[in-house]
Amino acid sequence: MVDFLARTADKWSYLAGVAWILGLAALFIFFAVGGVFGTINDAISIFQFLFLIPVALTLHRILDLHAPTVSGVSAALGIGSMLIIAFLQLLLVLGTVQFEQTLRPILLLGAIVGLWWLATSFVGLARGALPAGPAWAGVVAGAAIIVTAIGFALGGQQHPLSMVGFIVGGVAVPVWAFWLGKVLGSGTSGA
């Protein structure tokens, strides 16, 4: 199963990028007009994080040769956080929990995913295991996710850090996903 996910990681990366764009569009529409777009964003976010898991597994396989401890710990924490976020978002979409019940855990878990992005990208960059372009895009994406979580925790979506994080992450994550997908599909990443 892990081999299949690694062989198809480029496609999962592309899907994650598309889901991120769609989710961000739904989120901005929700912030502007409200209504069903919040639920649409929540539903899309399930897939945003599930699509990242095969990518995270593949990056771990690549980076495990270069920095096994950092790669292993960051992959475990990142993938675990992705799974829990997807599950909490599913519960939210199903109406089992309320937004307020999931907000703090999702912010914390989102920050952990941001740390996974940073660790993976820095190790890939420092060890030459990933090309500089997608690695730096991953650094920006990870930082943006962390900044968004901090801003949202401090003052909700209107907080300046949230807005900066949403905008920067909204560009950086798809750029990272599409660029990395191209690298993974070309076979030049060591996967």
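Up top is the structure these notes are about.
This report concerns the structure included in the present document. Counting from 1, residues in each chain are numbered in the order their sequence is written. The predicted nature of this model means local features are confined to residues of pLDDT at least 70 and side-chain atom pairs, given and counted, to a pLDDT of 80 or more, with totals for whole chains, interfaces and linings taken over all residues. Only hydrogens and water are removed before side-chain values are computed, so all heavy atoms of the structure are retained for them.

## Comments concerning the packing of aromatic side chains
Inclusion rule: Pairing of aromatic rings covers Phe, Tyr and Trp, the last through its six-membered ring, and needs centres within 6.5 Å; plane angles under 30 degrees mean stacked, over 60 mean edge-to-face, and all others mean tilted. Strands here are runs of E lasting at least two residues and helices are runs of H or I lasting at least four, both read from the DSSP assignment and numbered beginning at the N terminus. For every residue, the accessible area obtained with a 1.4 Å probe (protein chains only) is divided by the maximum for its type, and the residue is called buried under 20%, exposed over 50%, and partly exposed between those limits.
Applying the stated criterion across every chain, the model contains 13 aromatic pairs. Between W20 and F49, the aromatic rings sit 5.7 Å apart at their centres with planes inclined by 65°, giving edge-to-face as the arrangement. Taken as a pair, W20 in helix α2 (residues 9-33) and F49 in helix α3 (residues 37-63) lie far apart in primary sequence, 29 residues in all. F49 carries the same exposure label as W20, and that label is buried. Aromatic rings pair up to connect W20, F49, W116, W117 and W176 into one cluster.

## Points about the packing of α3 against helix α7 (residues 160-186)
Helix-helix packing: each pair is described by the crossing angle between the helix axes and the interaxial distance. The following threshold applies: Here an angle of 0 to 180 degrees is reported between the N-to-C directions of two axes, which are lines fitted to C-alpha atoms, with helices fitted over the stretch in contact. Reported orientations rely on four angle classes, namely roughly parallel under 35 degrees, roughly antiparallel over 145, roughly perpendicular from 65 to 115, and oblique for the rest. What makes a crossing left-handed is the near helix being turned counterclockwise from the far one by less than a right angle; a clockwise turn instead makes it right-handed. Contact criterion: two residues are considered in contact whenever any of their non-hydrogen atoms come within 4.5 Å of each other. Under the convention adopted here, Pro, Cys and the residues Ala, Val, Leu, Ile, Met, Phe, Trp and Tyr are nonpolar, Asp, Glu, Lys and Arg are charged, and Gly plus all remaining residues are polar.
Two elements in contact, α3 and α7, have axes separated by 12 Å at closest approach and are oriented at 55°. When the axes of α3 and α7 are compared, the pair comes out oblique. In terms of crossing hand, the pair formed by α3 and α7 is left-handed. In this structure, α3 contributes L52, V55, T58, L59 and I62 to the contact, and α7 contributes W176, L180 and L184. Among the residues forming the contact of α3 with α7, the class breakdown is 7 nonpolar, 1 polar and no charged.

## Here's the deal with the environment of V113
Tracing the sequence through the fold places V113 in helix α5 (residues 99-126). On the accessibility criterion, V113 (0% relative accessible area) is buried. On a C-alpha basis, the gap between V113 and A75 in space is 9.2 Å, while along the polypeptide they are 38 residues apart. Not counting residues up to four positions away in its chain, the partners in contact with V113 are F49, G78, S81, M82 and I85.

## Notes on a nonpolar patch on the surface
Spelled out, the test is: The patches reported here contain residues having more than 30% relative accessible area and no salt bridge. Joining distances are 9 Å for like charges and 5 Å for nonpolar side chains (Val, Leu, Ile, Met, Phe, Trp, Tyr). Per-residue accessibility takes into account occlusion by the displayed protein chains alone, with areas from the Shrake-Rupley method and a 1.4 Å probe. Put simply, a salt bridge is a Lys or Arg side-chain nitrogen that is within 4 Å of an Asp or Glu carboxyl oxygen.
Among the surface-exposed residues, Y14, V18, I21, L22 and F178 lie close enough to one another that they form a single nonpolar patch of about 400 Å² accessible area. Among the elements that line the nonpolar patch, the one with the most residues is α2, at 4 residues.

## Some thoughts on the nonpolar core
Under the convention used in this document: Buried Ala, Val, Leu, Ile, Met, Phe, Trp, Tyr and Cys residues that are joined via side-chain atoms within 4.5 Å together make up what is termed a nonpolar core.
Of all hydrophobic cores here, the largest spans 42 residues; its most connected members are L52, L59, M82, W116, W117 and W176. Only α2, α3, α4 (68-94), α5, α6 (132-155) and α7 provide two or more residues apiece to this core. The element that contributes the greatest number of residues to this core is α3, accounting for 10 residues. Excluding residues within four positions of it along the chain, W116 makes contact with A56, L59, S74, A75, G78, M82 and W176.

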